Amino acid sequence: NFVPPVRSHGGSTSNMIGSRISGKSDDALEDSTRKCLEMLCGPDGELPEKLRNLEPRLIEHISNEIMDKDPNVRWNDIAGLEHAKKCVVEMVIWPLLRPDIFRGCRSPGRGLLLFGPPGTGKTMIGKAIAGEAKATFFYISASSLTSKWIGEGEKLVRALFGVASCRQPAVIFVDEIDSLLSQRKSEGEHESSRRLKTQFLIEMEGFDSGNEQILLIGATNRPQELDEAARRRLTKRLYIPLPSAARAWIIRNLLEKDGLFKLSEEDTVAICRLTEGYSGSDMKNLVKDASMGPLREALRQGIEITKLRKEDMRPVTLQDFENALQEVRPSVSSNELNTYEDWNRQFGSLA
Ligand code: ADP
């Protein structure tokens, strides 16, 4: 497969990107892949060392599907979680904004674990970090690595860390990290998942010891499944609990966005009392269902949907929420909560 060092047309160095990785000629690359590789080239038009032995299609997948340049979530979108926000600002945002101050003794950990029940804002925090620190955000679900990318997970992990190091400062958010870094299942563990886990830990070790501005955030609903090696690398472990006072904020915020918030203070307090144990995403589902109340009522009265005028619809009421509560049940049991609290006492960052 002879690859001419200089192409007869064009002539820019980036035309040869394909030949520098995996020995492929440019013509063998799709346009989109070539474009994506060109964007990762340094000012000298060269592809960074780390990316040269990686498969172009994996680099493209990371750049297009996993990298999110503007996650569009800000601290103000997240209700409550003041403790977590404070820790994250100190550990992540400041060091990413002022790497010159945060070195030596002040150098921050590179691994953060967010654990707690599902739907409590862990992913939102990850996105907000990237937004506030002006970092590139990479989102990957660990279970997709083990299920969708069977046999290729290792390569994808290398590509992920490779692209992140070219896009610093970067935040790599690994959802369901327990499925990747779970305790060794001595007998049953599949060889490929063991290799995947080893590769992941090697990559983490790599940027932990270097000067790279990459932060790894792992999120899990099953922290007790993580093994000791994973815990050691995820130095800060923050419990993200169910919302308490933040439930009122979520109701108000979601309804206000659509101009539908007309509830009295008393009714809001009553709804909060009725939604003890609901997660943030349960609350979101509840608000959605309750906001259908006025519409359902109008239709019951025989008004045709095509003739319905928005301004004639009544506001969302406490009764709508009471009806919605029959439909939308809490998704987390009190037993599960005890498990999180125990794990937090043992391994969590409490201060
Ligand atoms: P997790 O990653 O913890 O499973 P997410 O961050 O994906 O949960 O939250 C799911 C959805 O629930 C969010 O998109 C948001 O609408 C809502 N939500 C959860 N927690 C909060 C919160 N603290 N503040 C505002 N919205 C929240």
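The numbers attached to residues start from 1 for each chain and follow its sequence in the written order. It should be noted that, the model being predicted, local features are given only for residues of pLDDT at least 70 and side-chain atom pairs only at 80 or more, the latter also being counted only at that level, while totals for whole chains, interfaces and linings use all residues.

Going by the annotation in an unreviewed UniProt entry, the name recorded for the protein is Microtubule-severing ATPase protein, with Dioscorea alata given as the source organism.

### Some points on the overall build of the protein
Secondary structure is summarised from DSSP: a helix means a run of H or I of at least four residues, a strand means a run of E of at least two, and numbering begins at the N terminus for each. Check the secondary structure of the protein and you find 15 helices and six strands. Exposure criterion: with C-beta atoms placed from backbone coordinates, a residue whose C-beta has 20 or more other C-beta atoms within 10 Å is buried, one with 12 or fewer is exposed, and one in between is partly exposed. A total of 351 residues make up the protein; the buried ones form 36% of that total. Long-range contacts, defined as pairs at least 24 residues apart, comprise 79% of the intrachain contacts of the protein with a sequence gap of at least 6. Whether two residues are in contact depends on their C-beta atoms, placed from the backbone: they are in contact if these lie within 7 Å.

### Here's the deal with the packing of helix α11 (residues 265-274) against helix α14 (residues 318-327)
Only C-alpha atoms enter the line fits that serve as axes; for helices the fit covers just the stretch in contact. Angles between N-to-C directions range over 0 to 180 degrees. Look at α11 against α14: their axes get within 10 Å of each other, and the N-to-C directions meet at 10 degrees. The angle between α11 and α14 places the two elements in the roughly parallel class. Only L318, F321 and L325 of α14 make contact with α11, whose side of the interface consists of D267, A270, I271 and L274. Amino acid classes used here: Ala, Val, Leu, Ile, Met, Phe, Trp, Tyr, Cys and Pro are nonpolar; Asp, Glu, Lys and Arg are charged; the rest, including Gly, are polar. Here the contact of α11 with α14 is composed, by residue class, of six nonpolar, no polar and one charged. If an angle is under 35 degrees, it is roughly parallel; if it is over 145, roughly antiparallel; if it lies from 65 to 115, roughly perpendicular; otherwise it is oblique.

### Digging into the environment of S107
Tracing the backbone shows S107 in the loop between α4 (82-97) and β2 (111-115). Linking S107 and M91, residues 16 residues apart in sequence, is a C-alpha distance of 8.9 Å.

### With respect to the site of the ligand
We call a residue near a molecule or strand when its C-beta atom, built from the backbone, sits within 6 Å of it. Looking at the ligand, there are 18 residues lining it, with G121, K122, T123, G280 and S281 nearest. Mapped onto the shell around the ligand, the elements with two or more residues apiece are α5 (122-132), α10 (246-257) and α12 (280-291). For the shell around the ligand, the class distribution of residues is nine nonpolar, seven polar and two charged.

### What to know about the sheet that holds strand β4 (residues 170-175)
Two pairing modes exist for strands in a sheet, parallel and antiparallel, and in both the strands are linked by backbone hydrogen bonds. Pairs of strands are assigned from DSSP output, requiring at least two bridges between the strands. Pairing is mixed across the open sheet formed by six strands, whose spatial order is β1-β3-β4-β5-β2-β6. Two strands in the sheet have a free side with no partner beyond their single neighbour: β1 (67-68) and β6 (236-239). Bridging between β2 and β6 involves four bridges; their strand directions are parallel. The partner of F115 across the bridge, within β6, is Y239.

### Focus on the nonpolar core
In terms of nonpolar packing, the biggest core is built from 79 residues, with I59, L114, F138, L160, V171 and I172 touching the most fellow members. If near-sequence neighbours (up to four positions away) are discounted, I59 is found in contact with C36, L37, L51, L54, A159 and V163. Residues enter a nonpolar core if they are buried, belong to Ala, Val, Leu, Ile, Met, Phe, Trp, Tyr or Cys, and are joined to the set through C-beta atoms within 7 Å.

### As for the confidence of the model for the protein
You can read pLDDT as the predictor saying how much it trusts each residue, on a scale of 0 to 100. For the protein, per-residue confidence averages 83 on the pLDDT scale, and residues scoring 70 or more make up 88% of the total. In this model, residues 3-15 is a region of pLDDT below 50 whose contacts with residues beyond four sequence positions or in other chains number 10 contacts. Scoring the predicted complex yields pTM 0.84 and, for the interface, ipTM 0.98.

### Re the pairing of strand β5 (residues 214-220)
Among the seven residues in β5, seven count as buried, and that is most of the element. Summarising the sheet, β2 and β5 pair through five bridges and their orientation is parallel. Within β5, the residue paired with L113 across the bridge is G218.

### Quick notes on unusual backbone geometry
In terms of backbone geometry, most residues other than glycine have negative phi values and most peptide bonds are trans. P169 follows Q168 through a cis peptide bond whose omega is -10 degrees. Along the chain, P169 falls in the loop between α7 (153-166) and β4. Phi angles above zero are rare outside glycine, and L81 is one such case at about 55 degrees. One can find L81 in the loop between β1 and α4. On the basis of neighbour count, L81 is assigned to the buried category, with 25 C-beta atoms found within 10 Å. One non-glycine residue, E176, adopts positive backbone phi at about 50 degrees. With respect to the element layout, E176 can be found in the loop between β4 and α8 (191-209). Look at E176 and you get partly exposed, because 19 C-beta atoms sit within 10 Å.

### What to know about the pairing of strand β3 (residues 136-141)
Sheet analysis places β1 next to β3, joined by two bridges and oriented antiparallel. When the sheet's bridge partners are listed, D68 is paired in β3 with F137. Here six bridges tie β3 to β4, and the two strands are oriented parallel to one another. Bridge pairing links F138 to I172 in β4.

### Regarding the packing of α4 against α5
To characterise two packed helices, one gives the angle between the axes of the helices and the distance between these axes. It is the contact of α4 with α5, at a shortest axis distance of 11 Å, that shows an interaxial angle of 45 degrees. With respect to α5, the element α4 is oriented oblique. Of the two elements, α4 crosses α5, and the hand of that crossing is right-handed. Across the interface between the two elements, A84, V88, V92 and I93 from α4 touch I125, I129 and E132 from α5. Taken together, the residues of the contact of α4 with α5 break down into six nonpolar, no polar and one charged. We call a crossing left-handed when the near helix sits turned anticlockwise from the far one by less than a right angle, and right-handed when that turn is clockwise.

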